Amino acid sequence: MNIGIIVFPGSNCDRDCAHVVSAVMGQSAHLIWHQDKSVQGMDAIILPGGFSYGDYLRTGSIARFSPIMEAIIEFANRGGLVLGICNGFQILLEAGLLPGAMLRNTGLSFICEDAYVRVENADTPFSNQCEAGQVLNLPIAHAEGNYYTDPVTLSALQANAQIVFRYCDKEGKCTTASNPNGSIDNIAGIRNAQGNVLGLMPHPERCAEAIFNNQDGHCIFDSMLAALRGHTPLPA
Amino acid sequence: MKAKVYITLKDGIHDPQGRAVQQSLHTLGFEAVQDVRVGKCLEIELQDMEKEAAEIFLKSMCQKLLANMVIEDFRYEIVST
């Protein structure tokens, strides 16, 4: 499979993602510069974490207008798989590919720690190799991960099973204490209504191989591959 | 001509930054402070044009980039022509 990883000025998890895609998953990773205008030939796209454009104005707000974004929106609208991790999630929100917005963490601090998340929906191209209710331990590293959306949109997210990951405790209980950043409804990751675009704040690429003593992130990449293998190729 | 754009969080959106500033003001003895909301002010230099045309530009800039309409409101004023 050909997986495109978009490199914005200030991306800093692009090479980690490329490493997981190639060395761990055995697929072809293609780093795509944000000034490029095409994602042709790619089976899936990853928007990596980092601080695109220094987080100026709002996280993701300037990257959202990079030339490559038009191609990514078009790719997503045709049903292509798009995974946004951390800053990539923020860019997807700004681009309108996912609903809602990010606020500063409730505690104001940049949080860099492991967080437990519960798989709320295991029937997505990004979670089909997980089990519903499974608890994953994934690292988070962000200052703006406090997901917010209006009550009407939140109800729609809940009703359509678009909430894929929620912060929880070790036992899988979603409590206020297990919510690291104040996200509404403990949301850690959501998908779009069509199901082919996912954004999440935790970093699965940082825990996807044995050397880290934590491979909980592996199932997300595994799920994408399983989905792509059973997927009809996109029309050219 | 010069314009000022103010971006503020919508009412009801929790502003932890504002709360931290408020607490700091209280620590300094400004106990009369009842609430603080932190926003942004952008000073924009525009090429000269009719005021109405400038306002259309400013509104469009706010909606497209400067404000995130999910969480923020905006207002603008033309401060010199």
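Structure first, text after, so check above.
About the criteria used
Residues numbered from 1 in each chain as written. Chains lettered and ligands numbered in written order. Predicted model: local features only at pLDDT ≥ 70, side-chain atom pairs only at ≥ 80, totals over all residues. Heavy atoms only, no water. Buried < 20%, exposed > 50% of the residue type's maximum accessible area, 1.4 Å probe, protein only. Helix = DSSP H or I, 4+ residues; strand = E, 2+ residues; numbered from the N terminus. Arc of directions from axis to C-beta. Contact = heavy atoms within 4.5 Å. Buried area = accessible area lost by both parts, 1.4 Å probe. Salt bridge = Lys/Arg side-chain N within 4 Å of Asp/Glu carboxyl O. Polar contact = N/O pair within 3.5 Å; in protein donor to acceptor, adjacent residues only side chain to side chain. Nonpolar A, V, L, I, M, F, W, Y, C, P; charged D, E, K, R; others polar.

Enquirer: What is the right way to read helix α1 (residues 14-24) of chain A from this model?
Expert: Along an α-helix, residues three or four positions apart point the same way, because every turn accommodates 3.6 residues. All names here are of chain A. Among all positions in α1, only Asp14, Cys17, Ala18, Val20 and Val21 are buried. Relative to the axis of α1, the buried residues are bounded by an arc of 160° and lie together on one face. Opposite the buried face of α1, at more than 90 degrees from it, the exposed residues are Arg15 and Ala23. Residues of α1 that are buried in the fold lie against β1 (2-7), β2 (28-33), β3 (44-47), β4 (81-85) and α5 (218-229). Directly beyond the C-terminal end of α1, a positive phi value near 70° is found at Gly26.

Enquirer: What exactly am I supposed to notice about the interface of chain B and chain A here?
Expert: Reports often express the size of an interface as the amount of accessible area lost when the parts come together. Listed per partner, the contact involves 17 residues of chain B and 14 residues of chain A. Carbon and sulfur atoms supply 69% of the area buried between chain B and chain A, which totals about 1300 Å² over both sides. Taken together, the connections running from chain B to chain A amount to one salt bridge. For the salt bridge of Glu72 of chain B with Arg58 of chain A, the shortest nitrogen-to-oxygen distance reads 3.7 Å. Our enumeration of links across chain B and chain A arrives at four residue pairs in polar contact (both at pLDDT 80 or more). Those elements that provide at least two residues to the side of chain B that touches chain A are α1 (16-27), β2 (40-45) and α2 (51-66) of chain B. Among the elements that line the side of chain B that touches chain A, the one with the most residues is α1 of chain B, at four residues. Here the residues of the side of chain B that touches chain A sort into 10 nonpolar, three polar and four charged.

Enquirer: Would you mind going over unusual backbone geometry with me for this structure?
Expert: Excluding glycine, most residues fall at negative phi; most peptide bonds, likewise, are trans. All names here are of chain A. Of note in this structure, Asp55 is not a glycine but carries a positive phi near 60°. Relative to the elements of secondary structure, Asp55 occurs in the loop between β3 and α2 (68-77). Even without being glycine, Leu57 reaches a positive phi, approximately 70°. Positionally, Leu57 belongs in the loop between β3 and α2. A relative accessible area of 24% means that Leu57 is categorised as partly exposed.

Worth remembering: the numbers are spatial, not functional.
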